[in-house]
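Residue-level listing of the chains:
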Amino acid sequence: MTAHTIDGNALARQIRDQVSHRTAALKARGITPQLSIILVGEDPASQVYTRHKVNDSTETGLGATLERYPADLPEAQLLARIEALNGDPAVHGILVQLPLPAHMDTHKVIAAISPAKDVDGFHVASAGALMTGLPGFWPCTPHGCMKMLESIGYDLKGRHAVVIGRSNIVGKPMALMLLQKDATVTVCHSRTQDLKALTLQADVIVAAVGKRNVLTADMVKPGAVVIDVGMNRNDAGKLCGDVDYEGVREVAGWITPVPGGVGPMTRAMLLVNTLEAAERSA
Ligand code: GUN
């Protein structure tokens with residue numbers, strides 16, 4: 001049996017439509033949700049990502065600005081700029097695009113963002129809120145994955161979810177979100193012994209490593225839900241995920257494609273967080 005596809009483009013479109021409506025309602029009350037994006041340096045991928053974030057925002061009615069600084073910007077100047085944006089009531093979301101140049105302390109820079117404006121959900125206060133179940137902004141990628149599971153009506157209660165990858169941005173928050181929905185969660189990583197023995201037990205697998213073919217058909221229980229967070233290039237230069245899509249789709253019950261899966265959902269959830277930051281400030 002071939003797996004059902006979870007169409008990230010279609011779901012992201014629905015979410016963006018909802019954002020557009022809620023934004024219009026907020027604008028009618030005189031508040032335009034405003035996202036401030038800061039890009040330091042010339043990283044080509046970051047330039048593409050930040051351009052997408054601005055376009056996504058304006059297409060849904062949000063305001064967005066992109067401030068670009070040279071790679072040799074002193075850290076103190078970046079911190080001062082963040083401080084100014086923290087204090088600007090017209091700005092609801094602040095996003096500092098990563099990676100930052102090597103001379104900057106990423107933790108220190110993220111810590112400078114007000115948690116109330118931390119629409120990336122990267123601040124330790126946001127991470128702590130997620131861990132303890134308090135209100136706060138959730139990182140966009142794992143939040144998008146949860147929305148995908150929700151969209152197929154998947155009940156995580158008592159299910160075994162295996163997360164492959166333990167990054168602060170995806171793997172760890174993903175595990176906490178799954179736990180919050182009463183899944184039994186296993187987090188695997190580069191030092192995990194016998195990954196296949198664990199993934200074969202999984203009802204849900206989230207692959208978030210950044211390496212091709214981390215998950216192959218022989219590692220998947222028939223009918224499992226497979227979420228692919230990876231963004232890699234194959235030998236032909238084509239975009240592909242962490243999952244051997246062609247093989248795994250013959251075993252899984254549900255699968256997310258790359259492209260057109262988690263990527264558009266990540267982008268949509270940033271809009272949701274920015275809108276919610278504005279709604280909370282209202
Ligand atoms: N670099 C790659 N992805 C992201 C993201 O989601 N947020 C930020 N701030 N930087 C990134």
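Quick caveat: nothing in here was measured; it's all calculated off a predicted structure. (Residues numbered from 1 in each chain as written. Predicted model: local features only at pLDDT ≥ 70, side-chain atom pairs only at ≥ 80, totals over all residues. Heavy atoms only, no water.)

Enquirer: Tell me about the site of the ligand, and please be specific about residues and values.
Expert: All residues in the neighbourhood of the ligand are listed as Lys53, Leu95, Val96, Gln97, Leu98, Asp120 and Phe122. The side chain of Gln97 places a nitrogen or oxygen atom 3.1 Å from a nitrogen atom of the ligand. In the environment of the ligand, a nitrogen atom lies 2.6 Å from a nitrogen or oxygen atom belonging to the side chain of Asp120. About the coverage of the ligand: the protein hides 75% of its 280 Å² of free accessible area. (Near = heavy atom within 4 Å. Polar contact = N/O pair within 3.5 Å; in protein donor to acceptor, adjacent residues only side chain to side chain. Areas by Shrake-Rupley, 256 points an atom, 1.4 Å probe, with all protein chains shown as cover.)

Enquirer: Go over the sheet that holds strand β3 (residues 63–69) with me, naming the residues and quoting the values.
Expert: Strand order in the open sheet made by the three strands is β3-β2-β4, with parallel pairing throughout. Edge positions in the open sheet fall to β3 and β4 (93–96), since each of these has one partner strand only. Mean inter-strand twist for the sheet, computed between neighbouring axes without regard to direction, equals 15 degrees. When strand β2 (residues 34–40) meets β4, the two strands line up parallel, connected through four bridges. By the bridge assignment, Ile38 is partnered in β4 with Val96. (Pairing = 2+ DSSP bridges. Helix = DSSP H or I, 4+ residues; strand = E, 2+ residues; numbered from the N terminus. Axes fitted to C-alpha atoms, helices over the stretch in contact; angles between N-to-C directions.)

Enquirer: So, the pairing of strand β7 (residues 204–207): which residues are in play, and what are the values?
Expert: Where burial is concerned, the two faces of β7 agree: the one with Val204 and Val206 and the one with Ile205 and Ala207 are both buried. Looking at chain direction, strand β5 (residues 160–164) and β7 are connected through four bridges and run parallel. Each residue of the ladder has a partner; that of Ala161, found in β7, is Val204. The sheet contact formed by β7 and strand β8 (residues 225–228) spans four bridges and is parallel. When the bridges of β8 are listed, Val204 appears paired with Val225. (Buried < 20%, exposed > 50% of the residue type's maximum accessible area, 1.4 Å probe, protein only.)

Enquirer: Lay out the packing of helix α6 (residues 140–151) against helix α7 (residues 171–180) in plain terms, naming residues and giving numbers.
Expert: With their axes 9 Å apart at the nearest point, α6 and α7 run at an angle of 35 degrees to one another. By crossing handedness, the relation of α6 to α7 is classed as right-handed. Contacts between α6 and α7 involve Pro142, His143, Cys145, Met146 and Leu149 on the former and, on the latter, Pro173, Met174, Met177 and Leu178. (Left-handed = near helix turned anticlockwise from the far one by under 90°. Contact = heavy atoms within 4.5 Å.)

Enquirer: Help me get a handle on the sheet that holds β8, residues and values and all.
Expert: In space, the six strands of this open sheet follow the order β1-β11-β8-β7-β5-β6, with parallel pairing throughout. A single partner strand is all that each edge strand has here, and the edge strands are β1 (4–5) and β6 (184–188). As paired strands, β8 and strand β11 (residues 254–255) are joined by two bridges and run parallel to one another. Looking at the pairing, Val225 lines up with Trp254 of β11. Across the sheet, α7 is in contact with β5, β6 and β7; its angle to β5 comes to roughly 170 degrees.

Enquirer: Outline the pattern of salt bridges, listing residues and values.
Expert: With the rule as written, the count across this model stands at twelve salt bridges. The partner of Arg68 in a salt bridge is Glu42, and the shortest N-O contact between them spans 3.8 Å. You can see Arg68 sitting in strand β3 and its partner Glu42 sitting in the loop between β2 and α2 (44–59), a full 26 residues away along the chain. For Glu42, a relative accessible area of 55% puts it in the exposed group. Notably, a salt bridge pairs Lys196 with Asp218, separated by 3.3 Å at the nearest N-O pair. Placement of the pair is Lys196 in helix α8 (residues 195–199) and Asp218 in the loop between β7 and β8, with a sequence separation of 22 residues. (Salt bridge = Lys/Arg side-chain N within 4 Å of Asp/Glu carboxyl O.)

Just geometry here; none of it tells us what the structure is for.
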